[in-house]
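# Structure assessment
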Amino acid sequence: MNLDWTDEEAAFRAALRTCIALNMRPGWTLDNRDMPEPRDIEAVKAFCAALGDAGFLTPHWPIEFGGREASPWEQLIVSEETWAAGEPRGGQYMNTNWIGPALMAFGTDDQKSQHLPPISRGEVNWCQGFSEPGAGSDLASLQCRAVRDGDSYVVNGQKIWTSYAHAADWCFLLVRTNTEVPKREGITILLVPMDTPGVEVREIANPYARHLIHEIWFADVVVPVSCRLGDENRGWDIVRSVLANERVGIARHEHAEMVLDQTVADGVGLGLDVDDPALAETIGSAYAWCEAARSMNYAAVGERIRDPLGARPLASVSRSITGPMEREVEWACLEILGDQALASGTEADRQVVTGTTSMIAAGAYEVQLDLIAKLSLDLPRSR
Amino acid sequence: MDVELSADQELLESTLRSFFADHAGPARARQLGSEIDAPLVDKLHAAGYLDIGYDAGPIEAVLFTERAAEAVVHAPVIARALVAPLAGIRDLPPLVGLVGSANGLVRYAGSCDAYLVLDGGGDHVGDGVARLAGRDDVEVEPVRSRTAYPMGRVRIRRSEPLAHGSGDALRRAWQVAIAAEIAAMASAAVALSARHVSDRHQFDRPIGSFQAVQHRLARSYGMAQASRWLARRGAWHNADEFVTASAATFACLTARETYDNTHQVTGAIGITTEYGLVAYTTRLLALHSELGGAPAHARRVARARRASKRTA
Ligand SMILES: Cc1cc2nc3c(=O)[nH]c(=O)nc-3n(C[C@H](O)[C@H](O)[C@H](O)COP(=O)(O)OP(=O)(O)OC[C@H]3O[C@@H](n4cnc5c(N)ncnc54)[C@H](O)[C@@H]3O)c2cc1C
């Protein structure tokens, strides 16, 4: 065990930080990550292209796909540095973390050569078409239907809560292709161009952020069979391995500490007494949650290196700390700034969005606790 | 970065596990009551384990602390094995008490060969220098307590100042020790409770199949794991109070959560001496309260962060 960053890792971080500072649009914040304005969509692509040019977008990818097989630690460093900067990759972190790897593992040669180069050059935005009105935590009950018609599928149905849908060039879409079998055995993955006729994106109103969540409607959308990832009806197995990659290595701790730092500084700027003992206690406790999340994230990355194909119980443990961390930081920020926190534009204000959604988006907190009960504690089955 | 135990560290862990399985355990601690486990201390001393922090390193010392805590080693050995080496304090006898404040309760107060005094112990308040007192330099007043540690107040009559900066170093090292001990005891309490809820049937099913029960234990398990990894980082980065005080703060939150959750899911049997959960939970109470507890640790986290931002 050696809990220092190696010289190479430290140098990698320093070079990455410089690259981010040089290429990020000045004034970028986590609000821009959802790409509410067309210029944000352009900024994400320009930033990711620059990152790709410098070898920082997909360093962990295999050499044959343009990476250099950098360690998961360097992948984590990329996440730490981009999150600390308000995630100027927008939704493209998904491309590099799990969509690209899913294509490498399950795609045809044509799909790999079509999709991987643009992803590694930062040219495309993807969205994740999983959730539906009737299929949230119980994702496998999804109903969006694809019916085979010669060399194509015809897709009808709805996806919901989709992030980045308005900015996406492609959708990684889960559809039902068989209704006669147990629900996990009738799911297929389609890679759908978002400009296909019949695809319609609608923003869902909420008081938190513009273009945070969307619906996608599919009306007789024709998708060539060549856009299917993996075999028909075998999509669930791919999704499970994909979600394992989604779960680890998102360095939210780094961003949360930045938010606290900034909010304390904002408080000082407003003449508030941030050293008041009771407030200092709240602040210190929130930082401690961040450090706990950081520690667990590192442990989960270690587990991923040690046992990449295993059940990876620490991934769920890590997420069970990160979600509550965001809420602790949210409430600490509100207590630090008081009513001032509610004025738009502060990190404290933005943290309300992150805190509100962190234990829901990408899988409810309770589902992670279920996984801990099963994988780590071996408790009797509840159902 | 490498979070894996080396082959030597893994060997150390498994050796310690079997050593403590043979020579320690909650039942033995219970029988000893207010006495410490002197034969075990002799064995640890003879085997060189008490020098592990000097001879091997901070991770080895923290592994020793984790294994000793989960095995409920009933003697004040952590100060010598982990705290003193992290704080750079040498030449101590095997049994060392940690004194935080003039009136504070000290674990194993009456059974120590020496005492490391943070500040406020005796007349030397707040000068940032740790002090060392011998057995003959102190008066110990035993204090009856519900926790499974023999407790007492230690009045310092004479003490030697240690090096400049030793007070801060001692406090940081102590924060790490609190975190490592809480992490290990919380994990042990969760494991014991998980066995209980798997065996105990009500409403014709194991109570551990109720999601409400599962989630209490899962939450504590997660926090205990995070405490463990954060304590290890604290041991490694022991010069950085932001990390060490974060470790102590989060561990105290874990102690509270685990105390409540494990007692809740074990019902009435959980509070009995015989069942054994209290061996861990009443110790968690004491560890949770040391050095001012979560509020004081958290304030130190905030202060350390502010100071680092000012100098950055
Ligand atoms: C900001 C945001 C962005 C999102 N982005 C995307 C995206 O890009 N693509 C996408 O496909 N989806 C996305 N989602 C959807 C997300 O994956 C779902 O919200 C999530 O899976 C939970 O589903 P649900 O909202 O339908 O909640 P439900 O499944 O209805 O659950 C509601 C609540 O019930 C409880 N609950 C549910 N199941 C259990 C259980 N088994 N045991 C105990 N309690 C339970 C939990 O408290 C849960 O929060 C996003 C969501 C948000 C908030």
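In this text the structure is predicted, and so the values were computed from the model without any measurement.

### Digging into the domain arrangement of chain B
Residue and element names in this part refer to chain B. For chain B, the assigned domains read domain 1 (7-163) and domain 2 (167-311). If you average the C-alpha positions of domain 1 and of domain 2, the two centres end up 19 Å apart. Taking both sides of the interface into account, the surface hidden between domain 1 and domain 2 amounts to around 2800 Å²; carbon and sulfur atoms contribute 70%. Considering only the surface of domain 1 that becomes buried against domain 2, Leu86, Leu118 and Tyr149 emerge as the three largest contributors, covering 20% of it. When the shortest N-O distance is used, the salt bridge between Glu66 and Arg232 registers 2.9 Å. The interface formed by domain 1 and domain 2 holds seven residue pairs in polar contact (both at pLDDT 80 or more) in total. Counting residues per element, the ones that place at least two in the side of domain 1 that touches domain 2 are helix H2 (26-32), helix H5 (58-70), helix H6 (78-87), strand E1 (96-99) and strand E3 (114-117). With nine residues, H5 is the single largest residue contributor to the side of domain 1 that touches domain 2.

### Re the pairing of strand E3 (residues 152-162) of chain A
All names here are of chain A. Of the pairings in the sheet, the one linking strand E2 (residues 145-149) to E3 comprises five bridges and is antiparallel in character. Across the sheet, the residue bridging to Arg145 is Asn156, located in E3. The antiparallel pairing of E2 with E3 creates a hairpin that spans two residues between the two strands, and Gly150 there sits at a positive phi of about 65 degrees. The pairing of E3 with strand E7 (residues 214-224) spans nine bridges and is classified as antiparallel. Among the inter-strand pairings, Ile160 is bridged to a residue of E7, identified as Glu215.

### A word on helix H11 (residues 347-358) of chain A
Residues and elements named next belong to chain A. Compared with the 16 Å implied by 1.5 Å per residue over twelve residues, the 16 Å span of H11 between its first and last C-alpha is a close match. For H11, the buried fraction is high: ten of the twelve residues fall into the buried class. In this structure, the buried side of H11 is in contact with helix H2 (30-33), helix H8 (252-269) and helix H10 (313-337).

### Considering the pairing of E7(A)
For a regular strand, side chains alternate in direction, first toward one face of the sheet and then toward the other. Across five bridges, strand E6 (residues 199-203) of chain A lies against E7(A) in antiparallel orientation. Within E7(A), the residue paired with Glu200(A) across the bridge is Trp217(A).

### Details of the sheet that holds strand E6 (residues 151-156) of chain B
Residues and elements named next belong to chain B. The strand order E2-E6-E5 describes an open sheet built from three strands, whose pairing is antiparallel. Edge strands, defined here as strands with exactly one partner in the open sheet, are strand E2 (105-107) and strand E5 (138-143). Adjacent strand axes in the sheet meet at a mean angle of 45 degrees, parallel and antiparallel pairs treated alike. Looking at chain direction, E2 and E6 are connected through three bridges and run antiparallel. Paired with Val106 across the strands is Gly152, a residue of E6.

### Some thoughts on the layout of surface pockets
Which parts of space are left empty comes out when a probe the size of a water molecule is rolled across the atoms. One number sums up the size of the second largest pocket: a volume of about 630 Å³. Lining of the second largest pocket is provided by 28 residues; of these, Leu314(A), Arg17(B), Tyr221(B), Gln225(B) and Arg228(B) occupy positions nearest its centre. Of all elements in the fold, only helix H9 (277-306) and H10 of chain A together with helix H1 (7-23), H5, helix H7 (166-199) and helix H8 (211-236) of chain B reach the threshold of two or more residues within the lining of the second largest pocket. Examining the composition of the lining of the second largest pocket, we find that six residues originate from one element, H7(B), more than from any other.

### Regarding empty space enclosed by the protein
With the rule as written, the count across this model stands at two cavities of 30 Å³ or more. Its volume calculated, the largest cavity comes out at about 230 Å³. What lines the largest cavity is a set of 22 residues, and nearest its centre among them are Pro76(B), Ile78(B), Arg107(B), Tyr108(B) and Glu181(B). Counting residues per element, the ones that place at least two in the lining of the largest cavity are H5, H6, E1, E2 and H7 of chain B. The residue makeup of the lining of the largest cavity includes at least three contributed by each of domain 1 (7-163) and domain 2 (167-311) of chain B. Counted as a void, the second largest cavity has a volume near 120 Å³. Lining the second largest cavity are 17 residues, and of these Gln75(A), Leu76(A), Ser79(A), Asn97(A) and Gly249(A) lie nearest its centre. Listed by contribution, the elements that provide at least two residues to the lining of the second largest cavity are helix H4 (72-84), helix H5 (92-106) and H9 of chain A. Residues of the lining of the second largest cavity, tallied by class, amount to eight nonpolar, six polar and three charged. Formed jointly, the lining of the second largest cavity draws a minimum of three residues from each of two domains, domain 1 (7-124) and domain 3 (248-376) of chain A.

### What to know about a positive patch on the surface
Residue and element names in this part refer to chain A. Where like charges cluster on the molecular surface, the positive patch consists of Arg184, Arg240, Lys374 and Arg381. Along the chain, Arg240 falls in helix H7 (residues 235-247). Judged by its relative accessible area of 53%, Arg240 falls in the exposed class.

### Details of the site of the ligand
Near the ligand lie 18 residues; those nearest to it are Gln128(A), Ser131(A), Ser137(A), Ser163(A) and Gln211(B). More than a single chain frames the ligand: its nearby residues are located in chains A and B. Contact distances for the ligand include 2.9 Å between a nitrogen atom and a backbone N or O atom of Trp161(A). The contact in question runs from a nitrogen atom of the ligand to an N or O atom on the side chain of Ser163(A), over 2.8 Å. Computed on the free molecule, the ligand has an accessible area of 960 Å², of which 69% lies beneath the protein chains in the complex.

### Observations concerning H10(A)
All names here are of chain A. End to end, H10 covers 37 Å across 25 residues, agreeing with the expected 36 Å (1.5 Å per residue, within 8%). Buried residues dominate H10, accounting for 20 of its 25 residues. A positive backbone phi angle near 60 degrees is found at Gly338, which sits one or two residues after H10.

Rules and cut-offs
Residues numbered from 1 in each chain as written. Chains lettered and ligands numbered in written order. Predicted model: local features only at pLDDT ≥ 70, side-chain atom pairs only at ≥ 80, totals over all residues. Heavy atoms only, no water. Domains from an automatic or database assignment. Buried area = accessible area lost by both parts, 1.4 Å probe. Salt bridge = Lys/Arg side-chain N within 4 Å of Asp/Glu carboxyl O. Polar contact = N/O pair within 3.5 Å; in protein donor to acceptor, adjacent residues only side chain to side chain. Helix = DSSP H or I, 4+ residues; strand = E, 2+ residues; numbered from the N terminus. Pairing = 2+ DSSP bridges. Expected span 1.5 Å × (residues − 1). Buried < 20%, exposed > 50% of the residue type's maximum accessible area, 1.4 Å probe, protein only. Contact = heavy atoms within 4.5 Å. Axes fitted to C-alpha atoms, helices over the stretch in contact; angles between N-to-C directions. 1 Å grid on protein atoms, 1.4 Å probe; cavity = no way out; pocket = protein on both sides within 12 Å on 5 of 7 lines; lining within 4 Å. Points joined across faces, edges and corners; volume = space filled by probe spheres on them. Nonpolar A, V, L, I, M, F, W, Y, C, P; charged D, E, K, R; others polar. Patch = residues over 30% accessible without salt bridge, like charges linked within 9 Å, V, L, I, M, F, W, Y side chains within 5 Å. Areas by Shrake-Rupley, 256 points an atom, 1.4 Å probe, with all protein chains shown as cover. Lys, Arg positive; Asp, Glu negative; His and termini not counted. Charge placed at Lys NZ, Arg CZ, Asp CG, Glu CD. Near = heavy atom within 4 Å.

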